[in-house]
Amino acid sequence: AGLMKAIVLNTADDIGVAGPDFIHGWGRINVAKAYEDIENASYLEGTVGDGDSVEFSLNIPSGLHQAKIMLYWTDPEASTGASTALINDLDFTIIDANSSTLLPLVLDPTPNAATLGNAAVPGTDHLNNVEQIVIDQPTNGLYALKIQGFDVSQGPQKFFISYRFEEAKISLTYPIGDEHFIPFSSEKLRWDVSPDTGTVVAEYSPDNGATWNLINNAAASQKYIDWSIPNITTGQVKVRLSYSGQTVESETLSIISTPNGLNALFVCPDSIGLTW
């Protein structure tokens, strides 16, 4: 459960201000990214005792837009009414390829309406059992991930690390091919993109990519475009997205009207008769 939570939080689509915030938490769950990181085994685990430390080496490749690395542990329950709910306090730091120390994103918990909407900033966290370090345009090389048992009163404490490498690219997530659409209906074209700035242009082809027609364009951060399905009948439709010099397209899908007055004349073990 702790590993699954670490992966779900670390792969969520950030919404609102950059990083975690008191309004949106860690963002919106992105099941495709979570599944991808599970398939790629993009996680680590270990245990740490009070005053001890554990270190991992992580090789970050070149050409990334962003690297997100999260520490999570299932903390023992606190007593009712405790002023601080955290029992086992772990500290998370990363030494990057330039020997600089990176700290997790921390929010200001002061109960002040004027500051609760502020963005998280790097710092030391002694309140939460989840800590995330975000590295924009990281330099490739070996990074040292250090987990310290700052105050582990009920240990040793098991922990999980989820890491996500975001390339600067766009991926079409719906439709991907083999879908069946009805003329005049509305569908949403959806994508994942990093970074989520700029504009995405959506097109469709009725003839397997020979010609293309504009659907619309939208901000990349919106991550969808509404498509009014054209009144055509073909199984050679493709959808294409263009973004920042990149182009991705679906496999073929179908558009066909729903028959009116559909009736079954007969149904036999080896055949069926239909009229419409």
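Remember, predicted model here, so these are calculated numbers, not experimental data. (Residues numbered from 1 in each chain as written. Predicted model: local features only at pLDDT ≥ 70, side-chain atom pairs only at ≥ 80, totals over all residues. Heavy atoms only, no water.)

**Q** Teacher, can you tell me more about the pattern of salt bridges here?
**A** It is possible for side chains bearing opposite charge to pair when their charged atoms get close. Going through the model one piece at a time under the given rule, you end up with 10 salt bridges. The residue E45 makes a salt bridge to K158 at a minimum N-O spacing of 2.8 Å. With a gap of 113 residues between them, E45 in strand β1 (residues 43-48) and K158 in strand β10 (residues 157-167) connect regions that are remote in the sequence. Using a relative accessible area of 39% as the deciding quantity, one classes E45 as partly exposed. The exposure class of K158 is partly exposed, given its relative accessible area of 36%. R240 is the salt-bridge partner of E203, the closest N and O atoms lying 2.9 Å from each other. Separated by 37 residues along the polypeptide, E203 in strand β14 (residues 199-205) and R240 in strand β17 (residues 234-243) bring together distant segments of the chain. According to the relative accessible area criterion, E203 is buried, its value standing at 15%. Because the salt bridges share partners, they merge into one network encompassing D13, K33, E36, D37, R164, E166 and K223. (Salt bridge = Lys/Arg side-chain N within 4 Å of Asp/Glu carboxyl O. Helix = DSSP H or I, 4+ residues; strand = E, 2+ residues; numbered from the N terminus. Buried < 20%, exposed > 50% of the residue type's maximum accessible area, 1.4 Å probe, protein only.)

**Q** Got a minute to help me understand the environment of L262 in this structure?
**A** Mapped onto the secondary structure, L262 falls in the loop between β19 (253-255) and β20 (263-268). When residues no more than four places from it in sequence are discounted, the contact partners of L262 are L274, T275 and W276. (Contact = heavy atoms within 4.5 Å.)

**Q** Sorry, what's going on with the nonpolar core here?
**A** Soluble globular proteins: nonpolar side chains tend toward being buried together. In this structure, I69, L145, I147 and F159 are the most contacted members of the largest nonpolar core, which totals 23 residues. When contributions to this core are tallied by element, the ones reaching two or more residues are β2 (53-60), β3 (64-72), β4 (88-95), β8 (130-136), β9 (141-152) and β10. Residues in contact with F159, not counting those within four places in the same chain, are L44, E45, G46, T47, V48, V54, F56, L71, Y72, W73, L90 and I147. Grouped together as the second largest cluster of nonpolar side chains are 21 residues, A218, I225, V239 and L253 included. (Core = buried A, V, L, I, M, F, W, Y, C linked by side-chain atoms within 4.5 Å.)

**Q** Explain the side chain of D96 here, please?
**A** Relative to the elements of secondary structure, D96 occurs in the loop between β4 and β5 (101-102). Although D96 is buried, it makes no salt bridge; K146 carries the closest opposite charge, 15 Å away. Among the polar contacts listed, one links the side chain of D96 to the backbone nitrogen of S100, at a separation of 2.8 Å. Aside from chain neighbours lying at most four places away, what touches D96 is L102, L142 and Y143. (Lys, Arg positive; Asp, Glu negative; His and termini not counted. Polar contact = N/O pair within 3.5 Å; in protein donor to acceptor, adjacent residues only side chain to side chain.)

**Q** Looking at this structure, how should I read a nonpolar patch on the surface?
**A** A cluster of nonpolar side chains, namely L262, V267, I272, L274 and W276, defines an oily patch on the protein surface of about 590 Å² accessible area. Considering the arrangement of structural elements, one finds W276 in the segment after β21 (271-275). Classification of W276 by relative accessible area gives exposed; the value is 67%. (Patch = residues over 30% accessible without salt bridge, like charges linked within 9 Å, V, L, I, M, F, W, Y side chains within 5 Å. Areas by Shrake-Rupley, 256 points an atom, 1.4 Å probe, with all protein chains shown as cover.)

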